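Reading the structure
Here is how the chains run, residue by residue.
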Amino acid sequence: MKKYKYIMMLLGITALIGSCGNQGNGNGSSNGALSSSAAEKAYVAPGEHDEFYAFMSGGYSGNITVYGLPSGRMFKEIPVFSQFPTSGYGYSEETKPMLNTSYGFVPWDDSHHPDISQSKGELDGRWIFINGNNTPRIARVSLSTFETEEIIELPNSAGNHSSSFITENTEYVVAGTRFSVPVPQRDMPINEYKGNFKGALSFISVDPENGGLDLKFQLLMPGFNYDLSHPGRGKSHGWFFFTTYNTEEANSLMEVNSSQNDKDFIAAINWKKIEEYVNNGGGTTVPAEYAHNVYDEHTHTATSTIKKEVLTVDPTKVPGAVFFLPTPKSPHGCDVDPSGQYIIGNGKLSADLTVHSFDNMIAAIEGKKFDGEAYGIPILKFEDVLAGVVKSGGLGPLHTEFDGQGNAYTTFFISSEVVKWKLGTWEVLDRQPTFYSVGHLMIPGGNSAKPFGKYVVAMNKITKDRYLPVGPEMEHSAQIYDISGDKMELIYDFPTHGEPHYAAGIPADLLAPKAKKIYRLTENEHPYAVLNPADARVERDGNVVHVYMSTIRSHFTPDNIEGIKVGDKVYFHITNHEQDFDVPHGFAMIGQNTSELLIMPGQTKTSLWEPKKPGVWPFYCTDFCSALHQEMQGYVRVSPS
Ligand code: CUK
Ligand code: CUA
């Protein structure tokens, strides 16, 4: 019961901070108002480009938003797990299969953690991965086209939260499971959870050539909650670390139940060992349904396949592959420093940060210094693996990033601040308030072997008074701090979209030159493409009508279509013949219950229209594309069936 009171106290403190604003800050103002010299650091003049890209997860918007740093300007929203009427993603016939799952069409998710592909532990800027939390999925987005190219569903997972973090050469994108569930899923009493539910950790291999995803194996762990994870790097490459909570295996997580244990675990997983075991024929293939959806840049079309089985691994069958590191107070974030030596577990009900040492962990494993086991998995002694404790003076630590200069930065949700501290000495060097109640933070490359420690972005959960009020619901707020000096300096804040949890940043130099500008019409392999306007036509097959349409400033061909009947299924396949950067055309049909299409130069996109009423119905281009944009229109004549 004491524990329960403690939690209520923490919640009380949250409320206090939320309602009263923040304690003072280094800028001599109670609300973080800036001096003009600080503001200049975030200023990017018109026509100038930002130094960094920041890819922010969209949380319950299901997508990724792209911002510039330090300006905080938003460049794009990349649709991933959610239908997006702006471009027709998830509405066009070509992209609908991207949102297929074993549950059918699921046009939404909750995306938390983007991670950029790496080579030798450094950002290589080829792809960005992100998790779908709710209907467990992992997506791969191209950082050349900025389009979602692949989505793989994860069977046996539930609440795909500790994802999508990648190993140092992008060998795997790894996904956890917040909920343990019956594996395989079956009808059983919920209160028989303990000992019967499992946590499936997924290792999805990434094809080094084209990024292709393959669910290589799932490790079936004890029925805890697997919250966050990070790969080892450098000396700890080959390992993966997951925070856990609810090691009590309570089926109801009222705090009294799930926080009885003073310490939960960080699970240390030697994935190289398990990979070897699997490559030698180890593991058990079990039935499991999951979708694998792939978008092809040349056909501009996605296909969805339902897979039927998955390889599972029982950790007790691979000796020396999995260990538990006791970690206090329901740890949330699980972060590994750039050298791979320190593993930081932030007990979210604590003030102190626990730092484990990889070397100590290996020594304890080699010395077989175990402190019992859980379901056959050895538990190491806390004192044996501990490297140090950061006496932060804050409350509610969540996540840590690194600047590559030997410093770490940790967010504190309850005390609403970012604390800078030194790796190795564990001393606190600086602290700055956030507005308000920060979740994750991001330094470009800050979870790689080579961070670019110039800025840190704090992503806050509560916005309150930061912007003009827009009713009860405010967008979340992010804050940029310059961290190039000894002290962090707040230089800008800006609203974000959805609920960014984590973000991934990368220097513009690494990405901008590779960004694709145009799809070549000559490379268009869409089966319904019209490569020559002379081939534009209407074809009927029973009650299915295919309109092969081409478009270029400022007309559609054909633009007068007759012979359509109520009850027909009319597919408009529209090929954009422009070959200039950034000249899309749109297509919208009256009464269409999907969305408009946005067709980029060289692309073909398809919209299905099912006419309901006889008449002569207009369509038009939705994107202001030329002085004669308002002339881009046409009619479809619909006769009774
Ligand atoms: S979680 Cu959101 S603040 Cu999903 Cu990474 Cu910690
Ligand atoms: Cu094409 Cu407006």
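If you look the protein up in an unreviewed UniProt entry, it shows as Sec-dependent nitrous-oxide reductase from Maribacter cobaltidurans. A UniProt comment under Subcellular location (unreviewed entry) is attached to the protein, and it reads "Cell envelope".

Turning to the environment of Leu531, a few remarks are in order. Tracing the sequence through the fold places Leu531 in the loop between helix H7 (508-511) and strand S35 (537-541). By C-beta crowding, Leu531 is classed as partly exposed, having 14 other C-beta atoms within 10 Å. A sequence separation of 73 residues divides Leu531 from Thr604, and the C-alpha atoms of the two residues are 9.7 Å apart. Apart from residues lying up to four places away in sequence, Leu531 is in contact with Leu521 and Asn524.

Before going further, it helps to examine the site of ligand 1. With respect to spatial proximity, the complete set of residues near ligand 1 consists of His112, His113, His161, Leu228, His332, Leu398, His399, Gly439, His440, His501 and Tyr502. Among the secondary structure elements, those contributing two or more residues to the shell around ligand 1 are strand S26 (397-402) and strand S30 (438-442). Residue classes in the shell around ligand 1 are distributed as three nonpolar, eight polar and no charged.

Position of Phe624 among the secondary structure elements: in the loop between strand S43 (615-620) and strand S44 (633-639). On the neighbour-count criterion, Phe624 (10 C-beta atoms within 10 Å) is exposed. The spacing of Phe624 and His585 is 39 residues in sequence and 7.9 Å in space, taken between C-alpha atoms.

To continue, consider unusual backbone geometry. Cis peptide bonds are those with omega within 30 degrees of zero, and the linkage from Leu69 to Pro70 qualifies with 10°. Relative to the helices and strands, Pro70 resides in the loop between strand S2 (64-69) and strand S3 (74-78). With an omega dihedral of -5°, the bond running from Thr557 to Pro558 counts as a cis peptide bond. Summarising the element assignment, Pro558 is placed in the loop between strand S37 (555-557) and strand S38 (560-565). Phi at Lys120 takes a positive value of approximately 50°, unusual for a residue other than glycine. Position of Lys120 among the secondary structure elements: in the loop between strand S6 (115-119) and strand S7 (122-132). We note that Thr170 has phi near 55°; this positive angle belongs to a residue other than glycine.

Bringing helix H5 (residues 358-366) into the picture now. Among the residues of H5, Phe358, Met361 and Ala364 are the ones counted as buried. One face of H5 carries all of its buried residues, which in axial projection span an arc of 125°. Lining the buried residues of H5 we find strand S16 (263-270), strand S19 (322-328), strand S21 (342-347), strand S22 (352-357), strand S24 (377-380) and helix H6 (382-385).

The biggest cluster of nonpolar side chains holds 117 residues, and the ones touching the most others in it are Ala54, Val456 and Val457. Here this core gets six residues from one element, more than from any other, and that element is strand S13 (residues 213-221). Sequence-distant contacts of Val456, defined by excluding residues within four places in its chain, comprise Glu401, Tyr409, Val418, Leu441, Met442, Ile443, Tyr481, Ile483 and Met488. Counting residues in hydrophobic clusters, the runner-up holds 25 residues, among them Tyr528, Ala529, Val545 and Val638.

About the cut-offs
Residues numbered from 1 in each chain as written. Chains lettered and ligands numbered in written order. Predicted model: local features only at pLDDT ≥ 70, side-chain atom pairs only at ≥ 80, totals over all residues. UniProt positions renumbered as here; feature names shortened; annotations may be inferred. Helix = DSSP H or I, 4+ residues; strand = E, 2+ residues; numbered from the N terminus. Buried ≥ 20, exposed ≤ 12 C-beta atoms within 10 Å, placed from the backbone. Contact = placed C-beta atoms within 7 Å. Near = placed C-beta within 6 Å. Nonpolar A, V, L, I, M, F, W, Y, C, P; charged D, E, K, R; others polar. Arc of directions from axis to C-beta. Core = buried A, V, L, I, M, F, W, Y, C linked by C-beta atoms within 7 Å.

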